[in-house]
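# Structural features, examined
Take a look at the letters that make up each chain.
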Amino acid sequence: MHLLMDHGTQTQQKLSLTGSVALGTGVMIGAGIFALVGQVAELAGGWVPWAFLAGAVVVAFSSYSYIRYSATNPSSGGIAMLLKAAYGPGVLAGSFSLFMYVSMILAESLLGRTFASYLLRPFGLQGSEVWVAVLAVVAIVAAALVNLVGNRWVERSATVTAALKILGIAVLAIAGILAAGVSSLGRLFSAADRTPPEAGWAGFLAGVALCILAYKGFTTITNQGADLQQPERNIGRSIMISIALCTVLYLLITVAVTGSLTVPQIVQARDYALAEAAEPMFGTWGAGLTVAIAVVATLSGLIASLFSVSKLYDMLRDMGQAPELPGKHDHQSLYITAGLAIVMAAFFDLSQIASLGAILYLAMDIAIHLGILRHLKDDVGAKPWIPWVAIALDVTVLVPFVLLKSQSDPFTLVITAVVALVIVVAQWFTVRHRSDEDARQDEHEQH
């Protein structure tokens, strides 16, 4: 939902704080909570609610750098402008901007496969790699077609679908808590009767790294600066309110899931754990309601994400940090974004997609904080100790995650390294080509 309100300036309407929170939470509450609970349980055991709470703490510290820069320089540029201001228009800024771009494409493929997994569950086909991949591709293509014909619909429906997702998740969570007994909330504060992580603290911290994916949508709010009422005040407020709201919902839903299913059951149904948890609590209608909410959440998220990520690509291309394909096409960035999302959704499973996204995002996040500390802290009035804590927390969850993945899924780490290397090399060639063109232009002007 990056740049979602760009057209707001055309109608001379400014986004309110309430609207900003609705858009931010609408992005955050997507595939993350629907698809990640099982994967987090695989790493963190019965400590899933605490892992999501710890993820909220990490993200709260991380948000400080984004808030300080966006409040001082409100615009629709968001992270790309921050990185350019911190590192200049070179390889570093371009590479980390593309890390963010690719992590957002991975989020789209995560949405596509989550949509497929939940939609196929009533038919018992949720474990079919072929059908999950096929439906994921269909969902991405459909979302791209909607973007081709209805950008206004994308914007107008954003708040409505966000409200439906928030309300739906809240209903499921509260009903689950009531079904399990209000006393089940005590599990959040007690270690009793919890299945410990197999890998101990390393497993728990690795689980927290995945939980961060369920919160990282807060970064989209930084792009509302040009269209938000009093952005100097409201960007920070919107981000913190969105994180707090999502934290409450995530804690409620994870307490309900862990109260309904054992850890092995959650792990076994890891791609559709919320629907699996709803069935023993509410019967078939509960599972059906969960599937319906998941379908609305993932499809609406896909439509909005393709719109916003395409706009981000346009900005990176205009800044000389992303290539342009030969020929002139009105929707070139949409084709590129949807095409990459389709490839990832077709060939990677949810676990691989989430792992790739978490590593690239956390690497970019660390670069953001270092950029603030080294180059922008005085300009934006940042207190240095907060970005340092954010970096320490990022490293604390990233290192165990990478170490455990190196043992359980080294192929994903190899793919991540290849993707990162391709991005850096492509940026090097792009910057070199741009420098050569500037030099030729200067030489031509001198003559």
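The structure we're discussing is the one just above.
In this report, we go over the structure that sits alongside the text.

## A closer look at the nonpolar core
Residues F52 and Y101 are the most contacted members of the largest nonpolar core, which totals 134 residues. The element contributing the most residues to this core is helix α14 (residues 350-380), with 17 residues. With near-sequence residues (within four places) excluded, Y101 lies in contact with V309, L312, Y313, L316, I336, T337 and L340.

## Description of the environment of I391
With respect to the secondary-structure elements, I391 resides in helix α15 (residues 385-408). Look at I391 and you get buried, because its relative accessible area is 10%.

## Overview of the environment of V295
Mapped onto the elements of the fold, V295 is located in helix α12 (residues 284-318). For V295, a relative accessible area of 17% puts it in the buried group. Separated by 181 residues in the primary sequence, V295 and T114 have C-alpha atoms spaced 8.4 Å apart.

## Some words on the packing of aromatic side chains
The full count for this structure, using the stated rule, is nine aromatic pairs. Centroid distance F52 to Y250: 5.8 Å. Interplanar angle 65°. Geometry classified as edge-to-face. Taken together, the positions of F52 in helix α3 (residues 48-72) and Y250 in helix α9 (residues 231-260) put the pair 198 residues apart, joining distant regions of the chain. For the pair shown, F52 and Y250 are each scored as buried. With centroids separated by 5.3 Å and ring planes inclined at 85°, the aromatic side chains of Y66 and F218 adopt a geometry described as edge-to-face. Of the two residues, Y66 is situated in helix α3 and F218 in the loop between α8 (201-211) and α9; the sequence distance between them amounts to 152 residues. Taking the relative accessible area as the measure of exposure, Y66 reaches 1% and is therefore buried. In textbook terms, an aromatic cluster arises when at least three aromatic residues are bridged by ring pairs, as seen for W47, W50, W201 and F204.

Reading guide: rules and limits
Numbers given to residues run from 1 along each chain, matching the order in which its sequence is written. Only residues with pLDDT of 70 or above have their local features reported here, since the model is predicted, and side-chain atom pairs are shown and tallied only from 80 upward, although totals for entire chains, interfaces and linings are computed over all residues. As a convention, hydrogens and water are excluded, and side-chain values are obtained from all of the structure's heavy atoms. Definition used in this section: a nonpolar core is a set of buried Ala, Val, Leu, Ile, Met, Phe, Trp, Tyr and Cys residues joined via side-chain atoms within 4.5 Å. Relative accessibility decides the category of a residue: with a 1.4 Å probe and only protein chains considered, values under 20% of the type maximum give buried, values over 50% give exposed, and everything between is partly exposed. Secondary structure follows DSSP: runs of H or I at least 4 residues long count as helices, runs of E at least 2 residues long count as strands, and numbering of each begins at the N terminus. Throughout, a contact is declared for two residues whenever any of their heavy atoms are within 4.5 Å. Aromatic pairing here means that ring centres of Phe, Tyr or Trp (its six-membered ring) are within 6.5 Å. Orientation follows from the plane angle: under 30 degrees is stacked, over 60 is edge-to-face, and everything else is tilted.

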